[in-house]
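A look at the structure
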Amino acid sequence: MKITVKSSKAVKPAATANANAPRPDVVVVPLSVFDKVNIDMYVSGIYVFRPPTPPNAALEAGLARALAEYPEWAGRLGVDGRGNRAILLNGAGARLVEATADVALDAVLPLSPAPEVRSLHPSADGAEEVRLVQLTRFACGGLAIGSTAHHLISDGRAAYNFFLAWSQATRGVPVDPVPVHDRASFFKPRDPPRVEFDHRGVEFKKPEPPAAAAPHSEAGNNIDDEVLVHRAHCSREFIARLKSQASAPGGRPCSTLLCVVAHLWRCITAARGLHAAGAATTSVCIAVDGRARMIHPVPDGYTGNVVLWARPTAAARDLVARPLRHAVELINRELARVDGSYFGSFVDFSASGAVEAEGLVPAADAAEMVLSPNIEVNSWLQTPFYNLDFGGCRPCFFMPSYLPMEGLLILVPSYYRDGSIDAYVALFSRHMDTFKTLWTHGLSASWNRTRY
């Protein structure tokens, strides 16, 4: 598949698209406490549509209208008057790249999670924009829309809402949900503040010494240290078998997320051989959306980040030796702990002055590319990717971009659209074959007594 870039331009919000119009003073919006602790990097995803699709001119006009509703994505990251990270609402615009592919969609679908898919979305290298999109037209008339967006501006839910607004603006219908831009009033500390949980080592950490090696780094120069990304499919039947093992007899059935994450955690731990490493421990970091969990719920249309993390931890040997239900219970317990009180405690701690006094930095580290012995899970299972409608057909395929961060897992609804899901799993090549075997055949209670 050869991708040829035809053009690249800035698209400004519709209300300020006239470059000669007088520009109002730039509004500076400080990042919220939730924005600041999120990972400081760009995240990319790819939607694929079969023909018919709207022409690029219609998509560009819809993008300009969506940016008028979401001025954050037409702005830039900068600092406020006190030197704190902020969003500059300067209307400078998002980047729109137009490209063509020399093949038909059927020749490349489903797209493989490999470096080549990066050609279907804009690179963030040297980018000033916080939102970049690419329209790639295939020989058959199909279309790939690739997006590259900065995570400090929004979490996954808010990022999807922008895409939804873009599709609605392209069709000429009202934007729903209505975006809510206030990044201050929802996250005020309580009076009196109550720091009820320890946030050091969870959302915040001490900065690494400059000469320190990357945390948990196992990588060297051996070819076996290459990180591969594998798409592990979970059919409905597969999920049902996991649920039957994970659910307590006579109790409430285990959720899809819980049983799949628990199975992934055990399989990856065993594939890495951690259960044979004496007292090794492992944790799974799971993003938790706080919109409905906070004591004062945040509107669905909120445009920023409202995410913290649950971090269930276990002895690797115990995790592998005990049944799937044990891993589910560990995960469920920690997810329940990240409730409204926890979110409130985080806000109070962030406002207490301890972060500045102790020189703490966000624990989410974009430079950390090896997570072993831990894993990180980003679940996009509740995101209705396949409901997007730009005025032609709905997507036939969606995937996250290739991101070789060892130990990173991204869960998405499967392109089969039958209730199955796909897990994008990044591991060292030396562990991948064992993982695949355990993933497929590790459902019996005796799998942990095999040579793995």
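Here the structure is a predicted model, which is why all the values come from computation and not from measurement. (Residues numbered from 1 in each chain as written. Predicted model: local features only at pLDDT ≥ 70, side-chain atom pairs only at ≥ 80, totals over all residues. Heavy atoms only, no water.)

**Description of empty space enclosed by the protein**
For the structure on display, the rule yields 1 cavity of 30 Å³ or more. Taken as a whole, the largest cavity encloses approximately 80 Å³ of empty space. For the largest cavity, the full set of lining residues is Pro113, Val229, Met399, Pro400, Ser401, Tyr402, Leu403, Leu408, Ile410, Tyr424 and Ala426. A class-by-class count of the residues in the lining of the largest cavity yields 10 nonpolar, 1 polar and no charged. (1 Å grid on protein atoms, 1.4 Å probe; cavity = no way out; pocket = protein on both sides within 12 Å on 5 of 7 lines; lining within 4 Å. Points joined across faces, edges and corners; volume = space filled by probe spheres on them. Nonpolar A, V, L, I, M, F, W, Y, C, P; charged D, E, K, R; others polar.)

**What to know about helix 10 (residues 429-441)**
In this model, helix 10 (13 residues) spans 19 Å end to end at C-alpha, consistent with the 18 Å of a helix rising 1.5 Å per residue. Residues of helix 10 that are buried include every one of Ser429, His431, Met432, Phe435, Leu438 and Trp439, and no others. In this structure, the buried side of helix 10 is in contact with strand 10 (227-234), helix 4 (236-246), helix 5 (256-271) and strand 18 (421-428). (Helix = DSSP H or I, 4+ residues; strand = E, 2+ residues; numbered from the N terminus. Expected span 1.5 Å × (residues − 1). Buried < 20%, exposed > 50% of the residue type's maximum accessible area, 1.4 Å probe, protein only. Contact = heavy atoms within 4.5 Å.)

**Focus on the sheet that holds strand 6 (residues 94-101)**
Each strand in a sheet pairs with its neighbour through backbone hydrogen bonds, running either in the same direction (parallel) or in the opposite one (antiparallel). Strand order in the open sheet formed by 6 strands is 1-6-7-8-3-16, and the pairing between neighbours is mixed. Because the sheet does not close on itself, it has two edges, and the strands there are strand 1 (3-11) and strand 16 (397-400). Recorded for the sheet is a direction-independent mean angle of 15° between the axes of neighbouring strands. Note that strand 7 (residues 131-137) and strand 8 (residues 143-150) share 7 bridges and pair antiparallel. Each residue of the ladder has a partner; that of Gln134, found in strand 8, is Gly146. Here helix 3 (residues 156-171) sits on the sheet in contact with strand 3 (42-49), strand 7 and strand 8, set at roughly 50° to strand 7. (Pairing = 2+ DSSP bridges. Axes fitted to C-alpha atoms, helices over the stretch in contact; angles between N-to-C directions.)

**Let's talk about the domain arrangement of the chain**
One can read the domain layout of the chain as domain 1 (3-13 + 26-185) and domain 2 (226-441). Domain 1 and domain 2 are separated by 24 Å when their C-alpha centres are compared. Opposite the 56 residues of domain 1 that make contact, domain 2 presents 48 residues. A combined buried area of about 4,400 Å² lies between domain 1 and domain 2, and 65% of that area is made up of carbon and sulfur atoms. When residues of domain 1 are sorted by the area they lose upon contact with domain 2, Phe34, Pro113 and Tyr160 head the list and together hold 17% of the total. (Domains from an automatic or database assignment. Buried area = accessible area lost by both parts, 1.4 Å probe.)

**Describing the packing of helix 5 against helix 10**
Relative to each other, helix 5 and helix 10 sit at 140°, their axes nearing to 9 Å. Classed by the angle they form, the pair helix 5 and helix 10 counts as oblique. As for how helix 5 packs across helix 10, the hand of that crossing is right-handed. Between helix 5, through Val260, His263, Leu264, Cys267, Ile268, Ala270 and Ala271, and helix 10, the contact on the second element is made entirely by His431, Thr434, Phe435, Leu438 and Trp439. The class makeup of the residues in the contact of helix 5 with helix 10 is 9 nonpolar, 3 polar and no charged. (Parallel < 35°, antiparallel > 145°, perpendicular 65-115°, else oblique. Left-handed = near helix turned anticlockwise from the far one by under 90°.)

**With respect to the sheet that holds strand 4 (residues 76-79)**
Read from one edge of the open sheet, 3 strands run 2-5-4, paired in antiparallel fashion. Each having just a single partner strand, strand 2 (27-30) and strand 4 make up the two edges of the open sheet. Ignoring which end each strand starts from, the neighbouring axes of this sheet average 40° apart. Examined bridge by bridge, strand 4 and strand 5 (residues 85-89) share 4 bridges and lie antiparallel to one another. Its bridge partner being in strand 5, Arg76 is matched across the sheet by Leu88.

**Details of the packing of helix 2 (residues 56-69) against helix 3**
Angle between the axes and distance between the axes are the two parameters that describe a pair of packed helices. Close contact between helix 2 and helix 3 brings their axes to 8 Å; oriented N to C, the two are set at 125°. Classified by the angle between their axes, helix 2 and helix 3 sit oblique to one another. Regarding helix 2 and helix 3, the two cross each other, and that crossing is right-handed. Contact with helix 2, carried on its side by Ala58, Leu59, Gly62, Leu63, Arg65, Ala66 and Leu67, involves Phe162, Ala165, Trp166, Ala169 and Thr170 of helix 3 and no other residues of that element. Of the residues belonging to the contact of helix 2 with helix 3, the class tally is 9 nonpolar, 2 polar and 1 charged.

**A short note on the packing of aromatic side chains**
Across all of its chains, the model carries 26 aromatic pairs by this definition. With a centroid separation of 5.0 Å and an interplanar angle of 45°, the aromatic rings of Phe34 and Phe346 are classed as tilted. Taken together, the residues span a long stretch of sequence, with Phe34 in helix 1 (residues 33-37) and Phe346 in helix 8 (residues 340-350) at a distance of 312 residues. For the pair shown, Phe34 and Phe346 are each scored as buried. Three or more aromatic residues joined by ring pairs form one cluster here, namely Tyr47, Phe49, Tyr160, Phe163, Trp166, Trp380, Phe385, Phe390 and Phe398. (Phe/Tyr/Trp six-rings, centres within 6.5 Å; stacked < 30°, edge-to-face > 60°.)

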